[in-house]
Amino acid sequence: MSRNALTNSDIAELLALEASASGRPMVSKALRKASRAALLWPVEVVDLLEEDRSLTELNGVGPFISKTLQGWMDKPPKISAREETRKGFLTLTEARSILLTNPKWKARYKGDLQMHTVSSDGSGTLHDMALAGLALGYEYIGVTDHSKGLKIANGIDEARLECQGEQIDELNERFRKEGQKFRILKSIELNLNTSGQGDMDPTSLEKLDVVVGSFHSALRKTEDQTIRYIEALDNPNVHILGHPRGRVYNYRVGLTANWKRIFDHAAKTGTAVEIDSYPDRQDLNVDLLKLARASGCLIAIDTDAHHPPQLEFVELGLAAALKAKLKPENILNFQTADKLLQMIKPS
Ligand SMILES: [Zn+2]
């Protein structure tokens, strides 16, 4: 790749800027979509061109956008700092080149602790998600359907959670009989209110292996939100704080808080903070992870997959963790299931 060429990250930014500038809604929509897709292109545009391949091979790129990209590559426009909602996102090609600097890093990953199934807003069954995890060589997955307060995502209530637990027991028994070293952990993505409290009966949560607690409301507040995080970390039912900032690529910047104080408090309560590897989230990102490293709190690297193939998004989170030089012993997913359960629920 030549040194001055635009990267996919630059192109994602240019596409988003062009989308904002376009007065035609359909064109703008296509450009926004391509900007998001650029985060996941498997090859750098400059390398594709060097190989004389067509840019329309790339997801989200039709003849019109292909022409635009070609123009930018021939005469690279100047890009100033990234717009606020697009700062600090890795592209897949960047993530893969970071991971190449330490080939053993990815191999340490033993299982994903946030994903959704058909029981809430995912497309795969429990079994589908388990098979996707097995195919990646995992030892476990944590299934975290949304809890009942998140109606828009078909949140699961106590009775359905109980029923899911029975299905998990049956599947785990089947894996054991088949001699597979693999288990599904019982979990949930507990919807937290702005006081850090969940929406499920605590006795039903006690039967779970892991609880991921996440904020899904009041995410556009601009004033400091440190207190709600401290309250969530103090909630004894929450083991992992999911997608902490609540940011979404090119859409929402996420919450503002005193992150050092939050990570120090997480270290004290033994709560893990998450790297949600979903491409649009990448939450926490590298800069905040460096702060988290200094505090020594536990970290979970998850994908928040809503479809089985999305488990592969984990490369983005693994790369962010490696770039931030997180300590492997603090990463839950680098541990066996028994070890990680003991780390989040010390007896
Ligand atoms: Zn969530």
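For clarity, every value in this text was computed on a predicted model and none was experimentally measured.

## Here we look at the domain arrangement of the protein
No. 1: Along its sequence, the protein is organised into domain 1 (8–81) and domain 2 (100–344).
No. 2: The C-alpha-based centres of domain 1 and domain 2 are spaced at 32 Å.
No. 3: Residue-level contacts link 7 residues of domain 1 with 7 residues of domain 2.
No. 4: Here domain 1 and domain 2 share an interface that buries about 670 Å² over both sides, 52% of which is from carbon and sulfur atoms.
No. 5: As a salt-bridge pair, Arg 36 and Asp 280 come within 2.7 Å of each other at their nearest N and O atoms.
No. 6: Taken together, the connections running from domain 1 to domain 2 amount to 3 residue pairs in polar contact (both at pLDDT 80 or more).

## Some details on the pattern of salt bridges
No. 1: Within the structure shown, the criterion is met by 17 salt bridges.
No. 2: A salt bridge links Arg 86 to Glu 13, with the nearest nitrogen and oxygen atoms 2.8 Å apart. With Arg 86 in the loop between α4 (63–74) and α5 (92–100) and Glu 13 in helix α1 (residues 8–21), the pair connects residues that are 73 residues apart, well separated along the chain. Like Glu 13, Arg 86 is buried.
No. 3: Lys 186 is the partner of Asp 169 in a salt bridge, and the nearest nitrogen-oxygen pair spans 2.9 Å. One end of the pair, Asp 169, is in helix α8 (residues 158–177); the other, Lys 186, is in strand β3 (residues 183–192), with 17 residues separating them in the sequence.
No. 4: Given a relative accessible area of 43%, Asp 169 falls into the partly exposed group.
No. 5: Within this structure, Glu 13, Glu 83 and Arg 86 form a network of salt bridges that share partners.

Reading the values: the criteria
Residues numbered from 1 in each chain as written. Predicted model: local features only at pLDDT ≥ 70, side-chain atom pairs only at ≥ 80, totals over all residues. Heavy atoms only, no water. Domains from an automatic or database assignment. Contact = heavy atoms within 4.5 Å. Buried area = accessible area lost by both parts, 1.4 Å probe. Salt bridge = Lys/Arg side-chain N within 4 Å of Asp/Glu carboxyl O. Polar contact = N/O pair within 3.5 Å; in protein donor to acceptor, adjacent residues only side chain to side chain. Helix = DSSP H or I, 4+ residues; strand = E, 2+ residues; numbered from the N terminus. Buried < 20%, exposed > 50% of the residue type's maximum accessible area, 1.4 Å probe, protein only.

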